[in-house]
Amino acid sequence: GRPTPIGFAFAADSQKLAAWLVAAQDACGGDIGHELSAERLAADIRAVAIDVQQMATEAGLGSHAAVPSLQAACAHWLGERMRKDEQCSDWAARPLSAEQMRYAATDSSMCLRVLQAMEADSGESRSHIRDWV
């Protein structure tokens, strides 16, 4: 099957991913079977993606005034504090620093670990992600 996008607060990421895919197709002169629009592709990505923040909200984390952060989800399901020192660093600068790359890897892996813990708590299983965690 196709890979399932997994993210936390995934809407903005889906827009960036869609824009990148459309630009890559245009640059390569490729055609993946139909004309892509970034808006449509972002909507298609969101439709199949697993948004861990949305799942955490549905599980009762957060409040009526605020959606939960990944840091809050880590504390709740993993009992771990997540460092966010690099979150506001300059992500447009190249090359990325070693600290930024470490942060990005940790951020991604924590999202998967939280999803796995949420599934264990609920008794649900999404076998297509087990190999990633």
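In this text, all values refer to a predicted model and were calculated from it rather than measured experimentally.

Calculation notes
- Residues numbered from 1 in each chain as written.
- Predicted model: local features only at pLDDT ≥ 70, side-chain atom pairs only at ≥ 80, totals over all residues.
- Heavy atoms only, no water.
- Core = buried A, V, L, I, M, F, W, Y, C linked by side-chain atoms within 4.5 Å.
- Buried < 20%, exposed > 50% of the residue type's maximum accessible area, 1.4 Å probe, protein only.
- Helix = DSSP H or I, 4+ residues; strand = E, 2+ residues; numbered from the N terminus.
- Contact = heavy atoms within 4.5 Å.
- 1 Å grid on protein atoms, 1.4 Å probe; cavity = no way out; pocket = protein on both sides within 12 Å on 5 of 7 lines; lining within 4 Å.
- Points joined across faces, edges and corners; volume = space filled by probe spheres on them.
- Nonpolar A, V, L, I, M, F, W, Y, C, P; charged D, E, K, R; others polar.
- Phe/Tyr/Trp six-rings, centres within 6.5 Å; stacked < 30°, edge-to-face > 60°.
- Arc of directions from axis to C-beta.
- pLDDT = per-residue confidence, 0-100.

A.B. asks: I would appreciate a short explanation of the nonpolar core in the present structure.
C.D. replies: Nonpolar side chains tend toward joint burial in soluble globular proteins. Ranked by size, the top nonpolar core spans 17 residues in total, and within it Val52, Trp77, Val114 and Met118 carry the most contacts. Of all the elements in the fold, those that place two or more residues in this core are helix H3 (52–58), helix H4 (70–78) and helix H5 (98–122). Not counting the four nearest positions on each side in its chain, Val52 is found in contact with Ile6, Gly7, Phe8, Cys111, Val114, Leu115 and Met118. Counting seven residues, the second largest nonpolar core, distinct from the first, contains Phe10, Ala42, Ile45 and Ala49.

A.B. asks: Whenever I open this one, the layout of surface pockets confuses me. Can you help?
C.D. replies: Any empty space left between atoms is shown by rolling a water-sized probe over those atoms. Each pocket or cavity is described by its volume, and for the largest pocket that value is around 950 Å³. Taken together, 23 residues line the largest pocket, and the ones lying closest to its centre are Asp13, Tyr103, Ala104, Asp107 and Ser108. Looking at the lining of the largest pocket, the elements that each hand over two or more residues are strand E1 (6–7), helix H1 (11–28), H4 and H5. Sorting elements by how many residues they give to the lining of the largest pocket places H5 first, with six residues. Tallied by class, residues from the lining of the largest pocket come to 13 nonpolar, five polar and five charged.

A.B. asks: Whenever I open this one, the packing of aromatic side chains confuses me. Can you help?
C.D. replies: Two aromatic rings are characterised by how far apart their centres lie and by the angle between their planes. Considering all chains together, one arrives at one aromatic pair under this definition. Seen from their ring centres, Trp91 and Tyr103 are 5.8 Å apart, and the 50° between their planes marks the pair as tilted. You can see Trp91 sitting in the loop between H4 and H5 and its partner Tyr103 sitting in helix H5, a full twelve residues away along the chain. On the basis of relative accessible area, Tyr103 is assigned to the buried category, the value being 12%.

A.B. asks: Whenever I open this one, H4 confuses me. Can you help?
C.D. replies: Every α-helical turn comprises 3.6 residues, leaving residues that sit three or four positions apart pointing alike. By the burial criterion, the buried members of H4 are Leu70, Ala73, Cys74 and Trp77. Relative to the axis of H4, the buried residues are bounded by an arc of 100° and lie together on one face. On its buried face, H4 is in contact with H3 and H5.

A.B. asks: Looking at this structure, how should I read the confidence of the model for the chain?
C.D. replies: When pLDDT is low, close inspection of the predicted coordinates is not appropriate. On average, residues of the chain score 86 in pLDDT, and 88% of them are at 70 or above. Here H1 is the element of the chain with the lowest mean pLDDT, 86, and H4 is the one with the highest, 96. Of the regions scoring below 50 in pLDDT, residues 127–133 engages in eleven contacts with residues more than four places distant in sequence or in other chains.

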